[in-house]
Amino acid sequence: GAGPFTLINSGQLIGSVKYRVSAIQLGESNNILVLEAPSFLIGNIILEGETLLDIKTGSSHSFRWAFSGNGEIKEGIPSASGPVPVFYDSDNRVAASFDLTHLDADGSIFAGILGRVSDLIAKRRFVEKKIQWVSWGASFLSNSDVEEREVFASLGGQVRQSGIAIGYDCILSPDSFVGLLLGSSKGDFNGKEIFFKTYKSETRGFFGSFYGFHQLGSTFVQAAFSGGISGHKDTRYINDNHMNFGIDEAYGEYSSYWFSPELTAGVSFESSLGLLFNSSIRLRYARQSFSAYEEIKSASNVSMSERDLSLLGSRLEVSLSQNLDSFQLKARAGLQYVYIFGQEDISLNMFGQTKNVSIESRQLQDAYGGLDFKIFLGKHINLTVGGELLFGDQASFITISGLDVSF
């Protein structure tokens, strides 16, 4: 009909590009078209009359929507509101967005890798101090699910990390030692929302740490400085109404480097029953700097400027351990707090237009519990296997295993 028509959509409108079935077609009179997140469109969007186009962004995928037909868009440009930047190519009548999940993904992977490196350092406090040198190796694996809690720009995600490390401890006295570790890590993030996945990020890197420990009576302190370099490969999934299945993919590659000082202080004492009690607080700061990059292979590629990401973290833990005939059992529990924040002037460029966005600060507060088993394989060889369950703003399971050889 001639209209006018008012259409408000926040769901799926599935037509066909191949068979020329439109997703939306509005008549020849004044129309109003409101597209709200997480709208997913396949097929032509035909405007036969002048149309007021209003795009409301939110927790959703990126999109690239092309408009056709004889009708004009009122004011020559769509109105856009919400947290996600929208770009408009007036020559080709194309509106496109950039899902900010990407910025959260980098922070989540960084926080996870940094946490695992910090855990490796913390476990060195329990090294046997009656010998001079200890060489060791360890691996870690973690899996975290973050559901609809506004932690990610999309409606949820899964973060996985794994890595290996080797190290050397030099025992200076029965009360102090210094050590060095080197390792490699990988981290993956998969973002999702109602209709399909939104983002995939892969991080591969190398890290190193120098650390020292000293005990005075029942109190102890441990300090460390860590750093690393990483390479990143990202895939951004875009709802493109002119693609047969409605999905286009943009690819980006870039690099980063990071550093992190940390300090741990605590008390430890042994009871008359042979139980060893430990209580500690760990504080750390970290900063990661990313290179600029430009996406490729999609019809709505974005170029992004250099950017920085910072993290503050604390971890309060109590543990109780008992040596038995051939192994040691340790139970631990605690609270963890992570604050992630970044700069406010990250530049995005698409269709020759530049928009500035910021890394939204966010807090992760979690409780955790864990069990560690140390198996005494010989006089100078120990095998350690541990697991930890994290719950709160994240739901995570973490395992760390290692082998110590002293001489």
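Everything below is about the structure shown above.
Residues numbered from 1 in each chain as written. Predicted model: local features only at pLDDT ≥ 70, side-chain atom pairs only at ≥ 80, totals over all residues. Heavy atoms only, no water.

**Points about the sheet that holds strand β19 (residues 293-294)**
What the 4 strands build is an open sheet, ordered β19-β20-β23-β24; its pairing is antiparallel. With partners counted over all chains shown, the strands left at the sheet margins are β19 and β24 (353-357), one partner each. Inspection of the sheet shows β19 paired to strand β20 (residues 303-304) by 2 bridges, in the antiparallel sense. Considered in β20, the bridge of Glu294 is made with Ser303. (Pairing = 2+ DSSP bridges. Helix = DSSP H or I, 4+ residues; strand = E, 2+ residues; numbered from the N terminus.)

**Some points on the sheet that holds strand β4 (residues 31-36)**
Taken in spatial order, the 4 strands make up an open sheet running β1-β4-β7-β9, and their pairing is parallel. A strand with exactly one partner marks an edge of an open sheet, and here the two such strands are β1 (6-9) and β9 (79-81). Going across the sheet, the axis of each strand differs from the next one's by a mean of 10°, ignoring polarity. In this structure, β4 lies alongside strand β7 (residues 51-56), joined through 6 bridges in parallel fashion. In the sheet register, Val34 faces β7, and the bridge partner there is Asp54. (Axes fitted to C-alpha atoms, helices over the stretch in contact; angles between N-to-C directions.)

**Looking at the packing of aromatic side chains**
Under the counting rule described, the total for this entry stands at 13 aromatic pairs. Each ring, one from Phe177 and one from Tyr211, has its centre 6.4 Å from the other, and the planes form 80°; the classification is edge-to-face. You can see Phe177 sitting in strand β14 (residues 176-192) and its partner Tyr211 sitting in strand β15 (residues 197-216), a full 34 residues away along the chain. This pair shows no difference in class: Phe177 is buried, exactly as Tyr211 is. Judged by centre distance (5.1 Å) and plane angle (25°), the ring pair of Tyr339 and Phe341 falls under stacked. Of the residues examined, Phe341 reaches a relative accessible area of 25% and is grouped as partly exposed. What links up through ring pairs into an aromatic cluster is the set Phe177, Tyr211, Phe213 and Phe220. Geometry around Phe87 places Lys355 over its ring, the cationic atom sitting 5.6 Å from the centre. (Phe/Tyr/Trp six-rings, centres within 6.5 Å; stacked < 30°, edge-to-face > 60°. Buried < 20%, exposed > 50% of the residue type's maximum accessible area, 1.4 Å probe, protein only. Lys NZ or Arg CZ within 6 Å of the ring centre and 35° of its normal.)

**Details of the pattern of salt bridges**
Tallied over the entire structure, the rule returns 14 salt bridges. A salt bridge links Asp106 to Arg307, with the shortest nitrogen-to-oxygen separation between them at 2.4 Å. Of this pair, Asp106 sits in helix α1 (residues 101-123) while Arg307 sits in strand β21 (residues 307-323), and the two are 201 residues apart along the sequence. Here Asp106 matches Arg307 in class, with each residue buried. The partner of Asp372 in a salt bridge is Arg332, with the nearest N and O atoms 2.8 Å apart. Linking Asp372 in strand β25 (residues 362-378) with Arg332 in strand β22 (residues 327-342), this pair joins segments that are 40 residues apart in sequence. Arg332 matches Asp372 in its accessibility class, with the two residues each being buried. (Salt bridge = Lys/Arg side-chain N within 4 Å of Asp/Glu carboxyl O.)

**A word on empty space enclosed by the protein**
Counted according to the given criterion, the structure contains 5 cavities of 30 Å³ or more. In this model, the largest cavity occupies a volume close to 290 Å³. Every residue lining the largest cavity is counted, 20 residues in all, and those nearest its centre are Lys123, Arg124, Lys374, Thr384 and Asp404. Going through the elements one at a time, α1, β12 (133-146), β22, β25, β26 (381-392) and β27 (395-406) are the ones with two or more residues in the lining of the largest cavity. Per-element tally for the lining of the largest cavity: the top contributor is β27, with 5 residues. Per-class residue counts for the lining of the largest cavity are 8 nonpolar, 6 polar and 6 charged. (1 Å grid on protein atoms, 1.4 Å probe; cavity = no way out; pocket = protein on both sides within 12 Å on 5 of 7 lines; lining within 4 Å. Points joined across faces, edges and corners; volume = space filled by probe spheres on them. Nonpolar A, V, L, I, M, F, W, Y, C, P; charged D, E, K, R; others polar.)

**Examining the pairing of β21**
Bridge count between strand β18 (residues 275-290) and β21: 16 bridges; the pairing is antiparallel. Across the sheet, Tyr285 pairs through a bridge with Leu312, a residue of β21. In this structure, β21 lies alongside β22, joined through 15 bridges in antiparallel fashion. In the sheet register, Leu316 faces β22, and the bridge partner there is Leu335. Adjacent in sequence and paired antiparallel, β21 and β22 are bridged by 3 residues.

**A few points about a nonpolar patch on the surface**
On the surface, Leu329, Leu371, Phe373, Ile375, Leu377, Ile381, Leu403 and Val405 cluster together into a nonpolar patch covering about 620 Å² of accessible area. Of all the elements in the fold, those that place two or more residues in the nonpolar patch are β25 and β27. Here the element with the most residues in the nonpolar patch is β25; it accounts for 4 residues. Along the chain, Leu329 turns up in strand β22. (Patch = residues over 30% accessible without salt bridge, like charges linked within 9 Å, V, L, I, M, F, W, Y side chains within 5 Å. Areas by Shrake-Rupley, 256 points an atom, 1.4 Å probe, with all protein chains shown as cover.)

**Focus on unusual backbone geometry**
Peptide bonds are trans in most cases, and residues, glycine excluded, mostly fall at negative phi. The residue after Ala37, namely Pro38, is reached through a cis peptide bond having omega 10°. Note that Pro38 resides in the loop between β4 and β5 (40-42). Of note in this structure, Phe351 is not a glycine but carries a positive phi near 55°. Looking at Phe351, the relative accessible area reads 28%, which means it is partly exposed.

Without other data, these values stay purely geometric and don't point to any function.
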